[in-house]
Each structure stands twice: as structure tokens, then as C-alpha cells.
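Letter by letter, the chains look like this.
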Amino acid sequence: MSLPVPQRIDLVLIGTRGQVGSALRHRLARQAARLREAAGIDLRLLATFDRRGIAWDLAGLDPDDVDARLAPRDTVALRSLLGHLTRAGDTPTVVIDCTASDEIADRYAEWLAAGHGVVAANKRANARGLAQWRTLQALSVRHGAPYRYETTVGAAIPILGPLRDIGLRGERVRRVSGVLSGSLSYLLERLHAGEAFSDALGGAERLGYTEPDPGEDLRADDLARKLLVLAREAGFALEPAGIRVEPFIASAQAEPGNWRARLADEDALWRGRIAQARSLGRRWVMLAEADAAGARISLQALPEDSPFAALPAGQNLVRVETELQAERPLWLGGPGAGPEVTAAGVLSDVIDAARTLAAAAPAGRGWRRAAA
Ligand SMILES: NC(=O)c1ccc[n+]([C@@H]2O[C@H](COP(=O)([O-])OP(=O)(O)OC[C@H]3O[C@@H](n4cnc5c(N)ncnc54)[C@H](OP(=O)(O)O)[C@@H]3O)[C@@H](O)[C@H]2O)c1
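Definitions and limits used
Residues numbered from 1 in each chain as written. Predicted model: local features only at pLDDT ≥ 70, side-chain atom pairs only at ≥ 80, totals over all residues. Heavy atoms only, no water. Helix = DSSP H or I, 4+ residues; strand = E, 2+ residues; numbered from the N terminus. Buried < 20%, exposed > 50% of the residue type's maximum accessible area, 1.4 Å probe, protein only. Contact = heavy atoms within 4.5 Å. Areas by Shrake-Rupley, 256 points an atom, 1.4 Å probe, with all protein chains shown as cover. Lys, Arg positive; Asp, Glu negative; His and termini not counted. Charge placed at Lys NZ, Arg CZ, Asp CG, Glu CD. Pairing = 2+ DSSP bridges. Axes fitted to C-alpha atoms, helices over the stretch in contact; angles between N-to-C directions. Phe/Tyr/Trp six-rings, centres within 6.5 Å; stacked < 30°, edge-to-face > 60°. Lys NZ or Arg CZ within 6 Å of the ring centre and 35° of its normal. Near = heavy atom within 4 Å. Polar contact = N/O pair within 3.5 Å; in protein donor to acceptor, adjacent residues only side chain to side chain. Nonpolar A, V, L, I, M, F, W, Y, C, P; charged D, E, K, R; others polar. Domains from an automatic or database assignment. Buried area = accessible area lost by both parts, 1.4 Å probe. Salt bridge = Lys/Arg side-chain N within 4 Å of Asp/Glu carboxyl O. Parallel < 35°, antiparallel > 145°, perpendicular 65-115°, else oblique.

Draft legend 1. Representation of the overall build of the protein chain within the structure. Summing up its helical and strand segments, the protein chain has 13 helices and 13 strands in all. By principal-axis analysis of the C-alpha atoms, the protein chain measures approximately 70 × 50 × 40 Å. Counting the 372 residues in the protein chain, one finds 51% classified as buried. Here the analysis covers contacts within the protein chain between residues at least 6 apart in sequence; of these, 66% occur between residues at least 24 apart. For the protein chain, the computed accessible surface area is about 16,800 Å², with 51% contributed by carbon and sulfur atoms. Positive and negative side-chain charges in the protein chain, numbering 47 and 46 respectively, have mean positions lying 3 Å apart.

Draft legend 2. Layout of the sheet that holds strand E13 (residues 330-335). With respect to topology, 6 strands assemble into an open sheet ordered E9-E11-E10-E8-E12-E13, the strand pairing being mixed. The sheet is open, and its two edges are formed by strand E9 (243-245) and E13, each paired on a single side. Direction aside, neighbouring strands of the sheet carry axes that sit 25 degrees apart on average. Both strand E8 (residues 173-179) and strand E10 (residues 282-291) contribute to a ladder of 4 bridges, which runs antiparallel. The residue bridging Val176 from the neighbouring strand is Ala290, located in E10.

Draft legend 3. Spotlight on the environment of Arg107. With respect to the helices and strands, Arg107 occurs in the loop between helix H3 (102-105) and helix H4 (108-113). On a C-alpha basis, the gap between Arg107 and Glu211 in space is 24 Å, while along the polypeptide they are 104 residues apart.

Draft legend 4. Just the packing of aromatic side chains, in detail. Overall, the coordinates contain 8 aromatic pairs when judged by the stated rule. Taken together, a centroid distance of 5.2 Å and an interplanar angle of 20 degrees make the contact between Phe248 and Trp270 stacked. Here Phe248, found in the loop between E9 and helix H11 (250-254), pairs with Trp270, found in helix H12 (residues 263-279); they are 22 residues apart in sequence, far enough to count as distant. Using a relative accessible area of 1% as the deciding quantity, one classes Trp270 as buried. The cationic tip of Arg164 hangs over the ring face of Tyr149; the distance from NZ or CZ to the ring centre is 5.6 Å. The lysine or arginine in question, Arg273, covers the ring of Trp270, its NZ or CZ lying 4.6 Å from the ring centre.

Draft legend 5. How the structure looks around the site of the ligand. Lining the immediate environment of the ligand, one finds 25 residues, of which Val20, Arg51, Arg52, Thr99 and Gly338 sit closest. Here Gly18 contributes a backbone N or O atom positioned 3.1 Å from an oxygen atom of the ligand. A distance of 2.9 Å separates a nitrogen atom of the ligand from a polar side-chain atom of Glu103. Out of a free accessible area of 910 Å², the ligand has 79% covered by protein chains. Every element with two or more residues in the shell around the ligand is listed here: helix H1 (19-39), H3 and helix H13 (339-360). Among the residues making up the shell around the ligand, the classes are represented as 9 nonpolar, 9 polar and 7 charged.

Draft legend 6. Expanded view of the domain arrangement of the protein chain. Split into domains, the protein chain comes out as domain 1 (7-156 + 340-363) and domain 2 (166-335). Centre-to-centre, using C-alpha coordinates, domain 1 lies 30 Å away from domain 2. Across the boundary between the two partners, domain 1 contributes 16 residues, which contact 15 residues of domain 2. At the boundary of domain 1 with domain 2, total buried surface from both sides reaches about 1,300 Å², with 64% on carbon and sulfur atoms. Of all residues in domain 1, Lys123, Leu130 and Val153 give up the largest surface area on contact with domain 2, accounting jointly for 39% of the area buried on that side. Summed over the shared surface of domain 1 and domain 2, the number is 1 salt bridge. Ranked by the residues each element gives to the side of domain 1 that touches domain 2, the list is headed by helix H5 (residues 130-142), at 3 residues. Of the residues that constitute the side of domain 1 that touches domain 2, the class distribution is 8 nonpolar, 4 polar and 4 charged.

Draft legend 7. Quick peek at the packing of helix H6 (residues 160-168) against helix H10 (residues 221-233). Closest axis-to-axis distance for the H6/H10 pair is 8 Å, and the angle between their directions is 30 degrees. Between H6 and H10, the angle falls in the class roughly parallel. Side by side, H6 and H10 meet where Leu160, Leu163 and Arg164 of the first sit next to Val229, Leu230 and Glu233 of the second. Grouping the amino acids of the contact of H6 with H10 by side-chain chemistry returns 4 nonpolar, no polar and 2 charged.

Shown next, in the form of C-alpha cells:
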């Protein structure tokens, strides 16, 4: 009996030399043969670009060795590739966004409408208004174009998929809450270990745990985007303005350009807060929550033995309370960031999207199988 020929799937990777994009390319190169054999999909890197370079080869690029193939990015080459992506081709295609760019997120609608899969590590598209989120979901369904963004909350931890499934089987989520920010968890761990706020922040910046502008972390902007994605997937129709956000430090919100001048005040404030929590057997946690009453992000002093308070820095944890799992809620946890784990999660999304497209292939789209 002859084995079925694997379905060829073209990949277009945006963010070639970024941390996640690079880790994903190496993982793709390592897994390609196994995926042909075990999953029946032949993933080919058709094209890739970042802000500086672009490479495109109809025969497929070696994901481990694109550096030598990247030409300086010019508008003609980019326009031609983006034009190619506005049409349904004869090979199913998955576009992978490993940037944090609004300009790239703006294009998801046209890619989905052309029937291409979209896999995003980028939160931007789903952190906009509810109408736009619904449009992307509807385009995905209408055009049979898988849209996956599991790594935008909790990196490789499968959180959004299980939440979506809970909704699809008709089970209402009553409350979803979690520790979702790696940078803020790291800061809190250092503060509880006795470090001054300014030293803890300096350490987080040196280790690359913060956004290029740490004000984004301290205002909880990125955390609010994650909560928006999480809450919507849990079935709460939430607008960005509907989240009540208590910033990690008030000056980052009140004085966005000048908060560093207030670091001495924060050192004193946090010394007092940590001492107070310790005397009560509690630890500070930056908790993101959504339920029927709304969505909020707040600093809470929780008992030391609460699973959220006992969490090591860098780990994320989400608690999901549903109508069938109220007494014993579902807990999902694991490393919440890092290029390797995130790339692993992105590849899971790519495999899922590719399988969905491959399953649709024989239904008359005339898509090309891989050469034997
Ligand atoms: N790192 C993590 O642990 C982690 C975890 C979960 C989710 N994520 C998300 O994954 C995404 C990538 O993160 P990262 O850490 O890999 O960031 P990064 O190292 O800064 O890489 C970003 C990449 O995007 C490219 N890029 C930016 N704007 C672009 C544009 N308009 N057109 C084409 N390419 C563009 C950059 O190109 P140039 O180098 O040419 O500028 C670079 O290759 C972000 O959305 C992040 O929030 C990251």
C-alpha cells in the first residue's frame, strides 16, 4: 500500500531575524521531515521578510540558512509578495506574523479573505475594537482560513484553544483570571526578595524582560492587551476601554514621559508595601480578571499559599471557572515568555492551520500535492 503524499503548504514568515522568528526558523528546519511523515504536511518556507531584508523562492528556502538569501528589502519586491498574498494561490499558504507591528496586523483581513491561514505571535490585531475582532473571526470562518494566535497569551501554554472549545460546547465561562506578565512577575519577585524598586527595574531592563519602553509594562498596557484577548476568547464581549487598569506604578500613567524622575518615591512606596504584605503572610500579585461584571487589572496582596502568589517569576497561570467547573476550576500554567517556548507555540499554531488547510485541499480547490 502506498503512503499518501504529504500536502504542500507554503509559509510566509514576517519577522525573519527577530527573536521568535529566528527560533521558529530553526525549529521548522528540525521538524520538517517529521511533519511530512507524521502529520502529512510538507511545510515550505516560500518567503520571509523583516524591515531590512526579503527573500522569496518558489522552490522553498532553507529556514536555517536564510541570512545568505536575504536581499535588502525594496518596495518592488515587497509589493510583489504582498500582491501574491491577496490572491488564492494553487498551494495553501500560512502567513506567520512574528512582529509587533500594526502595519502587518492591518493586513490580516485581506489575507484571510484570500483563504490564507494567519498565525500571529503579534497581539496588535486582536487588541483593537470588538468589531474588528469579530470581522477577523468571521473572515476566518467564511473563507475556511484558519486564524491562530495562541502565543499572544501565555506563549506556548495552550490557553486560548481550550477556552474557545469550552464556549463551542456551550459551557459558559463565569470568570477567567491570571498572572500573565513575565516582566511584572519578575519585578515582584525581586521586590519580595528585598530589592529596591529602581534596582529591580534596572535588572529587568538589563535582562531584556521589559518592552523597549518599560513604561509600557509599568502602565500594564501589554497586560491589558493580553487580558482583552483572553476575555474575548472566554466569551466576554469586551472593548479595550472596558478594562479597568490599575498601573503597576501610578507615575507611569500620570506622567508617561517623566516617571523615571519618581523612582525614589517608588522605592519608598514599595518598601512599605512589601513590609506590610509580609507582616500579613501575603504576597503582591498583578492579577488580570474578567467576568460578567467587567474586566480589571489590579495589584492584590494574596495569601502566600495562593497558587498565584506562589508562582515563580517567568511562569504564567490562568484559572478558568465555568458553570460546570465552578468548585474545581481549570488551571493552566507554564512559562509565559521566551523566544524558544514562543516559537514552539507558533509552530503548534502553524501545524494546526496547515492541517486545517490540508484537510480542505481535496474538496475541489485543486491544490498541489508535494512532489514525491
Ligand atoms: N519574545 C517573547 O518571549 C514573546 C512571547 C510571546 C509573544 N511575543 C510576541 O512575538 C512578537 C515578536 O517578538 P520578538 O521578541 O521576536 O521581537 P523582536 O526580536 O523585536 O523581532 C521583531 C521582528 O519583527 C520585524 N518587524 C518589525 N516591524 C516590521 C514590519 N513593519 N515589517 C516587517 N518586519 C517587521 C523586525 O524586523 P527588523 O529586525 O528588521 O526591525 C524583527 O525581525 C511580538 O509581537 C511579541 O509581543 C514574544
